[in-house]
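# Topology and contacts: notes
In case you want the letters, here they are:
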Amino acid sequence: MSEHMLVHLNVVRPVGPFDISHPNAQYFFGQLPKVFAKAREDDGMYWHNHGARTADGQYLEMDELVTHHSARTEDNLFILTMAGWRDVAAMHRFAYREPLHREGMKTLRDWVDRSQGATMVLWWARRGTRVSLDEGWERLRTLRANGASQQAFTLQERFAPPD
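This text gives an overview of the structure that appears in the document. A quick note: this is a predicted structure, and the numbers were derived from the prediction, not measured.

Further remarks concern the nonpolar core. Formed by 33 residues in total, the largest nonpolar core has its most connected members in L6, V7, L9, M82, W85, M91 and W123. Looking at this core, the elements that each hand over two or more residues are β1 (4-12), α1 (23-41), β2 (45-53), β4 (78-85), α3 (88-97), β5 (120-126) and α5 (133-146). Looking at this core element by element, the count peaks at 6 residues for β5. W85 has contacts with M5, L6, H8, D42, G44, M45, Y46, A90, M91 and F94, leaving out every residue within four places of it along the chain. Core analysis: the next-biggest nonpolar cluster, separate from the first, contains 16 residues, F28, L60, W111 and V112 among them.

Set out below in structure tokens:
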């Protein structure tokens, strides 16, 4: 077994006005507990974490997100999901083959702001490490600024785990 695990951070920033009563928000928050339950059952996932980030860098718990109201995309919070995986195949299988997760991505794909670049970043960490959302955010910034590297990469441009 590898000494390393794959870590991913996925960032969703809703497009347009945000309010918990919006149909996409209702769908998202309705599906989230089901997706998290599936994730906990997955033998390829070691751990997962989630939260929200304000534009000025403050981190919030998911329950604080439901009280957020905004009129513009620029004022919306960034919704963050991070997980540690056995390998790329395990992450890819859950994200793109698990029916509940795949359907959620399909339903909400037009609700995600991609104007700032990549919305997902991958990197290798020592197995057993718990990575902070802030470290994940910095890895995403690195990917956006410099492109794919061993420190921050994508599924399309991936790197092998360190020796």
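That was the structure; now back to the text.
Within the fold, R97 resides in helix α3. Dropping the residues within four chain positions of it, R97 is found in contact with H92 and R102.

Moving on, we get to the pairing of β2. In this sheet, β4 lies alongside β2 in antiparallel orientation, the contact comprising 8 bridges. In the sheet register, R53 faces β4, and the bridge partner there is F78. As defined by bridge partners, β2 adjoins strand β3 (residues 59-60) across 2 bridges and the pair is classed as antiparallel. What sits directly across from R53, in β3, is Y59. Counting the residues between successive antiparallel strands, the hairpin from β2 to β3 contains 5 residues, one of them, G57, with a positive phi of roughly 95°.

Turning our eyes to something else, we now look at empty space enclosed by the protein. Applying the stated rule across the entire model yields 1 cavity of 30 Å³ or more. Along its surface, the largest cavity is lined by V11, R13, F78, D113, R114, Q116, G117, A118, T119 and R144. Along the lines of polarity and charge, the residues of the lining of the largest cavity split into 3 nonpolar, 3 polar and 4 charged.

Turning to a positive patch on the surface, a few remarks are in order. Among the surface-exposed residues, R97, R102, K106 and R109 lie close enough to one another that they form a single positively charged patch. Structurally, K106 can be placed in helix α4 (residues 99-108). A residue is classified by how much of its surface remains accessible, and K106, at 51% relative accessible area, is exposed.

A few words now on the sheet that holds β1. As summarised here, the arrangement of the 5 strands in space is β3-β2-β4-β1-β5, forming an open sheet in which the pairing is antiparallel. Since the sheet does not close on itself, it has two edges, and those belong to β3 and β5, each with one partner. Docked against the sheet, α1 engages β2 and β4, running at close to 155° with respect to β2. Where α5 meets the sheet, its contacts fall on β1, β2, β3, β4 and β5, and the angle it forms with β5 comes to roughly 120°.

Another point: the layout of surface pockets. Estimates place the volume of the largest pocket at around 810 Å³. H8, N10, V12, H101 and M105 are the residues nearest the centre of the largest pocket, which is lined by 36 residues in total. Secondary-structure elements contributing two or more residues to the lining of the largest pocket are β1, α1, β2, β4, α3 and α4. For the lining of the largest pocket, the element with the most residues is α1, which contributes 7 residues. Among the residues forming the lining of the largest pocket, the class breakdown is 24 nonpolar, 10 polar and 2 charged.

Rules used throughout
Residues numbered from 1 in each chain as written. Predicted model: local features only at pLDDT ≥ 70, side-chain atom pairs only at ≥ 80, totals over all residues. Heavy atoms only, no water. Core = buried A, V, L, I, M, F, W, Y, C linked by side-chain atoms within 4.5 Å. Buried < 20%, exposed > 50% of the residue type's maximum accessible area, 1.4 Å probe, protein only. Helix = DSSP H or I, 4+ residues; strand = E, 2+ residues; numbered from the N terminus. Contact = heavy atoms within 4.5 Å. Pairing = 2+ DSSP bridges. 1 Å grid on protein atoms, 1.4 Å probe; cavity = no way out; pocket = protein on both sides within 12 Å on 5 of 7 lines; lining within 4 Å. Points joined across faces, edges and corners; volume = space filled by probe spheres on them. Nonpolar A, V, L, I, M, F, W, Y, C, P; charged D, E, K, R; others polar. Patch = residues over 30% accessible without salt bridge, like charges linked within 9 Å, V, L, I, M, F, W, Y side chains within 5 Å. Areas by Shrake-Rupley, 256 points an atom, 1.4 Å probe, with all protein chains shown as cover. Salt bridge = Lys/Arg side-chain N within 4 Å of Asp/Glu carboxyl O. Lys, Arg positive; Asp, Glu negative; His and termini not counted. Charge placed at Lys NZ, Arg CZ, Asp CG, Glu CD. Axes fitted to C-alpha atoms, helices over the stretch in contact; angles between N-to-C directions.

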